[in-house]
Amino acid sequence: MVNLKINNIPVTCPEGSTILEAARLAHIEIPTLCFLKNVACVGSCRMCLVEATGARGLVAACVYPVAEGMEVHTNTPKCRKSRKVTLELLLSKHKKKCLSCERAGNCELQRLSVEYNADEDRFEGANPSFPIDDCNPSVVRDNEKCINCMRCVAACKKQHVGAIGPIGRGFNVHIGSAGGMTLAESSCVGCGQCIVACPVGALTIKSDEAKVQAALEDPAKKVVFFTAPSVRATLGEAFGLPVGTNVEGKMVAAIRRLGDCEVFNMDVTADLTIMEEANELLDRIQKGGTLPMFTSCCPGWVRFIEQHHPDMIPHLSTCKSPQEMFGGLLKSYYCETHGIDPEDLFVVSVIPCTAKKYECARPEMGGEVNVALTTRELAHMIKTAAIKFCDLPDEAFDDPFATCSGGGTIFGATGGVMEAALRVAAKKLDGKFEVVDFPEVRGTSPIKEATYSVGGKRVRVAVASGLENAETVIQAIKSGEKQYDFVEIMACPGGCVNGGGQPSLPDSIRNSVELRDERAKALYTSDKKNTLRRSDESPVMEVLYRDYFGSPNSHKAHEVLHTSYKPNPRV
Ligand code: SF4
Ligand code: SF4
Ligand code: SF4
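Description of the packing of helix α8 (residues 267-287) against helix α10 (residues 322-338)
And then number 1: One can describe the packing of α8 onto α10 by two numbers: an axis separation of 8 Å at closest approach and a directional angle of 100 degrees. The orientation of α8 relative to α10 falls into the category roughly perpendicular. Only Pro322, Met325, Phe326 and Leu329 of α10 make contact with α8, whose side of the interface consists of Thr269, Ala270, Leu272, Thr273 and Glu276.
And then number 2: Classifying every residue of the contact of α8 with α10 by side-chain character gives 6 nonpolar, 2 polar and 1 charged.

Okay, here's the thing in structure tokens:
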């Protein structure tokens, strides 16, 4: 341990800590723009400059290591002046559209400029002009708002995609893809982790709010929404509620107040995915099919396989994601049983995920989901409609797609799909198997492994989230170092609770709260409270298989609930 003083306050911290880490232990805030916990630490923005004994001049607290007896001062006139000038230089070439910017009120540059009295007009910059890149179905980039902090580059590199990087030199440096490609032409998988990392409004979600609004106002359309498991665990954050607050009832009530519509629970098709996927796994194990089987409910992951490991496509489960299963179910079973022309049904999926915007446009999906609306977009629509979210009563989902099992709910966290599938597979292999909790696959460790023995069979599983970890698992499988039967991968670190479409929170919260754990807790608490823990216990599953699909993996089920993939190599 190392002893030092920061602003005259004694601090003890582990050797090797940075000044920033030591300061946070003492609850001393040092401003940052490029630093983001678990993502980026490059010391490039120079906002965290501090004075420290033994150092020549100001040093960047995010990368400078502590030393025994060091004295650090974070708030001297020299530090404050340096930060103010840094902000004024950034503002000199920043497109200052603060009044209409999506990040207004939630922008790190704006917040710090106010705190340091920065004058946005002090320096007249050359203001290079860049076209807005909005060709990608998930992400929009406006480089005129970019402050070159490199957080997005670090986030994309951490995803083992590397679709973006710094282009050009000196004053002309800007973020882009190799060879001047648009983001749509690049190897981007649409995960949105770069949007989550961006401290300003340079990267935003491609908005589909106008399409939803138009459908709600069209008397010829019947509009149905369904909401993904993790949205209820995060939507409240956009309205100032604490991280990890489950707002399921208020979320349903708010959507109903947007216009004439029905609101269904996507946990239902999470259950349906498990019914199909668990049976597909057992089939592959018993009949010698391709193993390990990979989950396929994350479109960022599916795209990563199609682009980077097309030889592994046979390992992907043929099950559609819960979003696309719901689209298929609504445009077939629901329309048939309710006498609706599928053309008149407008289907809105509310999801934590920017990659699902790309997924619903895939030709294989037949356009069954009309719009994939992220949590952030839904929150914005609720605000635009002047709905007082926090004052709303709790309301229940609409039948016939209201009731789900706890297994469907935990889909939103890393390990959730695996656990839900294990609950069903174990029961099928061994009728007496009563265990419903599989703690080995829970939590946010990068890669989790477990071996279970059920019904006389050994089932080896692995769970990874974040594509960097997915790549590690793939390489271990390809080299023969690891043998698994079933592998769950989620593209976003921590799973969908940390998806690219989730509310963007200030750095002060993101650097101090374990968002993924807190959000996941809300889902596991809901699972625990549910009297139905296994997907096959859901009465909705009973009705669907009795009246429509016959049995899991039936011909009808394959028509509506399964899909195929194709190689799509990218550099
Ligand atoms: S969406 Fe994901 S893959 Fe695409 S640029 Fe951003 S971080 Fe990279
Ligand atoms: S796009 Fe955003 S995250 Fe990326 S370098 Fe620019 S400001 Fe930073
Ligand atoms: S982990 Fe979830 S939010 Fe992230 S890309 Fe996959 S499905 Fe989307």
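Quick look at the environment of Cys48
And then number 1: Looking at where Cys48 falls in the secondary structure, it is placed in the loop between α1 (19-25) and β3 (49-52).
And then number 2: For the pair Cys48 and Met293, spaced 245 residues apart in sequence, the C-alpha to C-alpha distance is 46 Å.
And then number 3: Ignoring anything within four residues of it in the chain, the contact list for Cys48 reads Ile30, Pro31, Thr32, Val59, Ala60, Ala61, Cys62 and Arg83.

Some points on the site of ligand 2
And then number 1: Surveying the vicinity of ligand 2 reveals 13 residues, the closest of which are Cys146, Cys149, Met150, Cys152 and Cys198.
And then number 2: Tallied by class, the residues present in the shell around ligand 2 amount to 11 nonpolar, 1 polar and 1 charged.

Side note on the site of ligand 1
And then number 1: In the neighbourhood of ligand 1, the contacting residues comprise Val139, Cys156, Val161, Cys188, Val189, Gly190, Cys191, Gly192 and Cys194.
And then number 2: A breakdown of the residues in the shell around ligand 1 according to their chemical character gives 7 nonpolar, 2 polar and no charged.

Quick notes on the domain arrangement of the protein chain
And then number 1: Segmenting the protein chain into domains produces domain 1 (2-75), domain 2 (90-205) and domain 3 (210-561).
And then number 2: Taking only C-alpha atoms into account, the centre of domain 1 sits 41 Å from that of domain 3.
And then number 3: With 6 residues of domain 1 in contact, the opposing surface of domain 3 contributes 7 residues.
And then number 4: For the pair domain 1 and domain 3, the summed buried area comes to about 590 Å², and 36% of that belongs to carbon and sulfur atoms.
And then number 5: Interface area lost by domain 1 to domain 3 is led by Leu36, Lys37 and Asn38, which between them contribute 69%.
And then number 6: Where domain 1 packs against domain 3, one counts 1 salt bridge.
And then number 7: The closest approach of N and O atoms between Lys37 and Glu514, which form a salt bridge, is 3.1 Å.

Considering the environment of Gly500
And then number 1: Tracing the chain through its elements places Gly500 in the loop between β17 (486-490) and α16 (507-510).
And then number 2: Sequence-wise, Gly500 and Gly43 are 457 residues apart; in three dimensions their C-alpha atoms are separated by 24 Å.
And then number 3: With near-sequence residues (within four places) excluded, Gly500 lies in contact with Cys191, Gly192, Gln193, Val196, Ile205, Pro352, Thr354, Arg376 and Cys492.

A closer look at the sheet that holds strand β14 (residues 371-374)
And then number 1: Pairing in this open sheet of 4 strands is parallel, and the strands run β11-β10-β13-β14 from one edge to the other. The open sheet has two edge strands with one neighbour each: β11 (261-265) and β14. Between one strand axis and the next, the sheet turns through 25 degrees on average, direction left out of account.
And then number 2: Bridge analysis of strand β10 (residues 222-227) against β11 gives 5 bridges, and the strand direction is parallel.

As for helix α14 (residues 416-429)
And then number 1: With 14 residues, α14 should cover 20 Å at 1.5 Å per step; its first-to-last C-alpha distance of 20 Å lies within 8% of that length.
And then number 2: Burial of α14 is extensive: 12 of the 14 residues sit out of reach of the surface.
And then number 3: Along α14, the residues classified as buried are Gly416, Val417, Met418, Glu419, Ala420, Ala421, Leu422, Arg423, Val424, Ala425, Ala426 and Lys427.
And then number 4: Residues of α14 that are buried in the fold lie against α8, α13 (406-409), β15 (447-454), β16 (457-465), β17 and α17 (515-529).

Rules and cut-offs
Residues numbered from 1 in each chain as written. Chains lettered and ligands numbered in written order. Predicted model: local features only at pLDDT ≥ 70, side-chain atom pairs only at ≥ 80, totals over all residues. Heavy atoms only, no water. Axes fitted to C-alpha atoms, helices over the stretch in contact; angles between N-to-C directions. Helix = DSSP H or I, 4+ residues; strand = E, 2+ residues; numbered from the N terminus. Parallel < 35°, antiparallel > 145°, perpendicular 65-115°, else oblique. Contact = heavy atoms within 4.5 Å. Nonpolar A, V, L, I, M, F, W, Y, C, P; charged D, E, K, R; others polar. Near = heavy atom within 4 Å. Domains from an automatic or database assignment. Buried area = accessible area lost by both parts, 1.4 Å probe. Salt bridge = Lys/Arg side-chain N within 4 Å of Asp/Glu carboxyl O. Pairing = 2+ DSSP bridges. Expected span 1.5 Å × (residues − 1). Buried < 20%, exposed > 50% of the residue type's maximum accessible area, 1.4 Å probe, protein only.

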